[in-house]
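# Examining the three-dimensional arrangement
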Amino acid sequence: MGINDSSNQAIPFDIFLEDFRLRSRHAYRVRADIDQLSTNRGMPPFVMREVMSGNPLSVNIPEEFGGRGGKVEEILALLSAASYESLALSLTLGINSALFLQPLAKYGTAETKAMVFDRFMKAQNMGGLMITEPGHGSDALNMQTSFTSSGESYNIQGTKHWAGLTGWADFWLLTAREQMKNGDLKRDIDFFLCDVNQQGQQIVVEEFFDNLGLYQIPYGRNKIDVEVPLMYRLQPHSTGIKLLLDLLHRSRLQFPGMALGFIQRMLDEALAHTRDRSVSGKNLVSYDQVQYRLTELQSSYTIASAMCASSSEKAGIENDLSSSGVEANAVKSYVTDLMQNAAQSLVQLVGAKAYRLSHIGGRGITDSRPFQIFEGSNDMLYSQISDAVVKQMKQAKESNLYQFLSSNDLTGKATGFMKELLDFDLNFELPQRKMVELGQALSRIISMEKVLDLGEKGFRKDLIENSLLSLRKEISALVGQFNFNEQAKLIEDYQVNSTWYKLANR
Ligand SMILES: Cc1cc2nc3c(=O)[nH]c(=O)nc-3n(C[C@H](O)[C@H](O)[C@H](O)COP(=O)(O)OP(=O)(O)OC[C@H]3O[C@@H](n4cnc5c(N)ncnc54)[C@H](O)[C@@H]3O)c2cc1C
């Protein structure tokens, strides 16, 4: 069976992955120059054709439909290979995987799965997810898009914006709340498949956005007024909100796949540049601060690797992840902070040459920035991690942070390294800013546990040790900051009596 055959289950994954790596490398470095390409919007058709020709998205498709069966380690390895070449390409595959194919495989009706998977396998179709509305982003549960049923179909109406692949995807999962007879909307949320190639299911793009980065992915505002068959409604196992949580947590646990290749690229570019560049008669790499930045990048590489290994065991669609918020939020928020830090560090090391759209580091800053915003803004996720931990501590009637964390599956081993730091009673009535700081510390402790696990599996020892050192340093700084209790208060009328030059030369 050749690698171009639409049914590629029989190909060993190493060969499948290498084929994808070569195709994307060729598309972005030989056929097109990604540095030039990236100053224009959109993905040239020949790039997409070349990258998609090996049918990478088949990794998400169940075996009975000709796919590779949705093995999470394959999906993450593929996302990582893609983000080494282009973060936008990786996000494109990530959207199709975690926000479309996986929820459809888990919750779609048999008829829709057969139809959609066939079109993905044979015609390289694409799918995305529309949740966000102009008035409702972080508070998505209050979305105003509504649906009604005539008994033969569903009519869905509303406005959605910022959905990745706007105007490009063939399929969408649309989220909406049921409109009752009195016009009010029910609390629960439902998911509907929409096939824009069908009559009555076209979605009108009212405006394309000038997104700051990720130029290859179109975003915009969509007017929804579609009529979809009854079987296009996804079938939640209990409530739609639980389906949403299961979907979002699974997606967040897979962010490390997109992060790993991106961080590795930032690291490799930084190593190559600092070995090559001479400043004041010395190679940059010989300066201590430069080495510090490079070891931090290596630590990020190790942490993202550890998260990938962990998620491979947890994020399969057979698992119900609706209650895995602490872990999923910790992984997503921390790894996206690491992505942004990696890009910032590369730009610092390269200097002015990197401050260009045509430089992978400069672009990396704007391309990775929204990862800290979408699928849960990091500020919010950090405070939610703390909310959940405080709730569990109250239930367990345990106020000592060390005692609680040392008996928890997500943190048991890591806390052993930090008893003196964490051995204090936690105030359960903290302001939100403190909850955010605590959440940041907890996310690093959870990640440290994953690094220890990766070490036990046999990952390179010196990388593990360096990463543990870096994590301990960060955690102790965060806990120190957390224990600093004075707080600045917001001054609303700050412009009054605050002009410095009226005080100059007094
Ligand atoms: C590049 C990109 C891709 C995206 N892709 C998709 C997609 O494919 N599908 C989709 O449906 N949506 C997508 N989104 C939308 C994204 O999920 C939302 O932007 C996100 O949920 C935040 O909503 P908002 O922008 O309306 O900000 P708001 O909800 O207005 O929040 C703005 C900021 O307020 C603060 N904040 C909000 N709530 C709290 C709180 N409770 N506590 C403390 N601070 C808070 C946070 O700092 C937050 O970043 C994408 C966005 C971007 C930028």
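Report on the accompanying structure. Here the residue numbers are simple positions, counted from 1 along each chain's written sequence. The model is predicted, so local features are restricted to residues of pLDDT at least 70 and side-chain atom pairs to those at 80 or more, both for listing and for counting; the totals for chains, interfaces and linings are taken over all residues.

In this section: the overall build of the protein chain. Only DSSP runs of H or I reaching four residues or more are called helices, and only runs of E reaching two or more are called strands; each is numbered from the N terminus. Tallying secondary structure elements over the protein chain gives 17 helices and nine strands in all. C-alpha atoms define the radius of gyration, and 2.2 Å times the number of residues to the power 0.38 defines the globule rule. For 506 residues, the compact-globule estimate of 2.2 N^0.38 gives 23 Å, and the C-alpha radius of gyration of the protein chain, at 24 Å, lies within 12% of that figure. The C-alpha extent of the protein chain, read off along each of the three principal axes, is 70 × 55 × 55 Å. Here the C-beta atoms are placed from the backbone, and a residue counts as buried if at least 20 other C-beta atoms lie within 10 Å of its own, exposed if 12 or fewer do, and partly exposed otherwise. Looking at the protein chain residue by residue over its 506 residues, the buried ones come to 47%.

Before going further, it helps to examine the packing of helix α9 (residues 288-314) against helix α17 (residues 461-482). Where α9 contacts α17, the axes come no closer than 9 Å and their chain directions differ by 105 degrees. Classified by the interaxial angle, the pair formed by α9 and α17 is roughly perpendicular. Across from Thr295, Glu296, Gln298, Ser299, Thr302 and Ile303 in α9, the residues of α17 making contact are Leu463, Ile464, Asn466, Ser467 and Ser470. In terms of residue class, the contact of α9 with α17 is made up of three nonpolar, seven polar and one charged. Structural elements are reduced to axes, namely lines fitted to C-alpha atoms, with helices fitted over the stretch in contact, and the angle between N-to-C directions of any two is expressed from 0 to 180 degrees. Under this scheme an angle from 65 to 115 degrees is roughly perpendicular, one under 35 degrees roughly parallel, and one over 145 degrees roughly antiparallel; angles in between are oblique. This entry defines residue contacts through backbone-placed C-beta atoms, with two residues in contact when those atoms are within 7 Å. All amino acids are sorted into three groups, where Ala, Val, Leu, Ile, Met, Phe, Trp, Tyr, Cys and Pro are nonpolar, Asp, Glu, Lys and Arg are charged, and the leftover types, Gly among them, are polar.

By definition, a residue lies near a molecule or strand when the C-beta atom built from its backbone is within 6 Å of it. The environment of the ligand is made up of 20 residues, and the closest members are Ile131, Gly137, Ser138, Pro370 and Ser377. Breaking the shell around the ligand down by element, the ones donating at least two residues are β1 (127-130) and α12 (378-395). At three residues, the largest contribution of residues to the shell around the ligand is made by β1. When grouped by side-chain class, the residues that make up the shell around the ligand number eleven nonpolar, seven polar and two charged. Residue ranges for the domains trace back to a domain assignment, done automatically or taken from a database. Formed jointly, the shell around the ligand draws a minimum of three residues from each of two domains, domain 2 (129-236) and domain 3 (244-482).

Turning our eyes to something else, we now look at the packing of helix α10 (residues 325-350) against α12. As a packed pair, α10 and α12 sit with axes 9 Å apart at the nearest point and diverge in direction by 145 degrees. The two elements α10 and α12 cross, and the hand of that crossing is left-handed. Facing α10, whose interface residues are Gly325, Val326, Asn329, Ala330, Lys332, Ser333, Thr336 and Asp337, α12 presents Asn378, Leu381, Tyr382, Gln384, Ile385, Ala388 and Val389. Here the contact of α10 with α12 is built from residues that sort into seven nonpolar, six polar and two charged. It is the rotation of the near helix from the far one that decides the hand of a crossing: anticlockwise by less than a right angle makes it left-handed, clockwise makes it right-handed.

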